[in-house]
Amino acid sequence: MVGGVVGSVASSGILVPVAIGAYMATDAAGKENECRVHLYQTMQLFLGEDFGLVGQSNLLQIRLFVFARKSSGIFGIIKDVETNTLATGILNMIGNKGAAIVSFKVNDRSLCFCCCHLAAHEGQDFLDARNRSAKAILSSTTDKEDMLDIPAMYDHVFFLGDLNYRLDPYLLNASVGSHRGLSGFDLVCSYIEKREWGKLSAADTLAIERENGRALCGFEEGTLQWPPTFKYNRVKDADEDGFTDSNPFNTKRLPSYTDRVLYHSLPCLKNRLILKYYRSCQSTKSSDHKPVLSLFALKLGTPKAHLRCLTVRLSSLSVTFPCNQDAETGLYNPYVVSVEYCKGDLGSFQKVLPEPDIIELSKDDATVTISFCELNIGFADAVKKYKRSGYTGHILMQVRRKSNCGLFGYAVLSIFDHLVEDDVVANCPLRLGGTRVGSSTITLHLFEEENHPR
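Residues numbered from 1 in each chain as written. Predicted model: local features only at pLDDT ≥ 70, side-chain atom pairs only at ≥ 80, totals over all residues. Heavy atoms only, no water.

### Remarks on the side chain of His117
Part 1 of the argument: Of note, His117 is situated in strand E7 (residues 109-117).
Part 2 of the argument: Residue classification places His117 among the buried residues on the basis of a relative accessible area of 11%.
Part 3 of the argument: A distance of 3.2 Å separates the side chain of His117 from the side chain of Asp162, its partner in a polar contact. (Helix = DSSP H or I, 4+ residues; strand = E, 2+ residues; numbered from the N terminus. Buried < 20%, exposed > 50% of the residue type's maximum accessible area, 1.4 Å probe, protein only. Polar contact = N/O pair within 3.5 Å; in protein donor to acceptor, adjacent residues only side chain to side chain.)

Here it is as structure tokens:
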């Protein structure tokens, strides 16, 4: 079980309990609905009548529930609740792996929770499968025309569950030559006994994949300051730290941090979501996993704009991304590069260029430079709206395939991250589904209306 809590449970807030498990095939069909109802009733009984169910999403044994406290007033202002599921198991049809998703708005702030169970086991092939599944889940909205992926469609996104990323024993051995004779399992256990969590985190493949842009790029996570959450022997005599006189870990698997809570915010809203604490529940003994718990403070108030009127002058955009060659024709796929700006939320972009530039690429790695001739974008109205609605002033750059308008990647720049009256060169990764697919550089200049060059 993985838990995420937004707000303060003691006073007002949103509670997000998650359960991930599996039944034997003979039990799944007959007991699935029965267990689903029982789990909900158990949680509702524990929480009490003051917590109301906002929404739930279930994909076989992947279960996501969202509750909110009624007396705080939060429950009454939640709207536009949507649920979805995506299977990433065998043939992308079997729901033993995949995601259960719940999204909604609170006071016009949009939240999305993705409860995931990704591919298991150790080794590069399984690591690649986890990365592909994470990308498929986050990109599940891009099959609709003009839609971006989940991290761009919501103010705040939580990606949590049994993500199944493992420790890399080769990295552990490489970091300490004196321990080269130890097996990966023994080396991990020696670090656990000495509570050297930093050395274990350095070999965490999820952190490595994020840093290299191969999975969950742009997402954040708290510091791992506890033992790995998998794979434990089920024991009854564990002390409060989860340790026993004998080794608590099952020798069939390398102990790893498989259970995680990650989060992502739009650029100008990162300081509105604050991680208060992040820990594991070591005293739980009923599973070979240890649950993790995170607590966030979400600021629903509107941030203050520092400028009354704002104009942005774009002078150039440089985009670098790989180009795929068509296996049958031998031709390189042409791409459409468009630049848009937003005076409201991410659903109200307006075109900057009269027509998108069609880029005919002829090499594997292409760098596209667009000169705007000092194109000016007025954000005077946007700044006023910014004070009311909480955010605005984004520039969106998209790269789409000309053949089917399929989204290849995008970059979002928050104007309010660059409130200086000087030339700014902003570097924005080109992303899709949490993977980094290229890079972009936007040169811009910001000035108040009274300094606007006539």
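Still to come is the rest of the account.
### Notes on the environment of Cys114
Part 1 of the argument: Considering the arrangement of structural elements, one finds Cys114 in strand E7.
Part 2 of the argument: Residue classification places Cys114 among the buried positions, given a relative accessible area of 0%.
Part 3 of the argument: With residues near it in sequence (within four places) discarded, Cys114 still touches Ala100, Ile101, Ile150, Phe158, Phe159 and Leu160. (Contact = heavy atoms within 4.5 Å.)

### Some thoughts on helix H5 (residues 184-193)
Part 1 of the argument: Within H5, 8 of the 10 residues are buried, leaving the element largely enclosed by the surrounding structure.
Part 2 of the argument: Buried residues of H5: Gly184, Phe185, Leu187, Val188, Cys189, Ser190, Tyr191 and Ile192, and no others.
Part 3 of the argument: In the stretch just after H5, Arg195 is the one whose phi turns positive, near 55°.

### Re the environment of Cys281
Part 1 of the argument: Residue placement: Cys281 occurs in the loop between strand E10 (273-280) and strand E11 (292-298).
Part 2 of the argument: When the C-alpha positions of Cys281 and Trp226 are compared, they lie 9.3 Å apart, and in sequence the two are 55 residues distant.
Part 3 of the argument: Apart from the residues within four sequence positions on either side, Cys281 is in contact with Lys290 and Pro291.

### Thoughts on the pattern of salt bridges
Part 1 of the argument: Enumeration over the complete set of coordinates arrives at 9 salt bridges.
Part 2 of the argument: Ionic pairing is found between Glu209 and Arg214, a salt bridge with its closest N-O pair at 2.9 Å.
Part 3 of the argument: Overall, Glu209 belongs to the buried group, its relative accessible area being 4%.
Part 4 of the argument: Arg214 gets classed as partly exposed once you look at its relative accessible area, which sits at 40%.
Part 5 of the argument: With a shortest N-O distance of 2.7 Å, Arg260 and Glu221 are connected by a salt bridge. Remark: Glu221 occurs in the loop between helix H7 (205-211) and strand E9 (259-265) and Arg260 occurs in strand E9; sequence separation between them is 39 residues. (Salt bridge = Lys/Arg side-chain N within 4 Å of Asp/Glu carboxyl O.)

Scope: geometric values only; no functional claims are made or implied.
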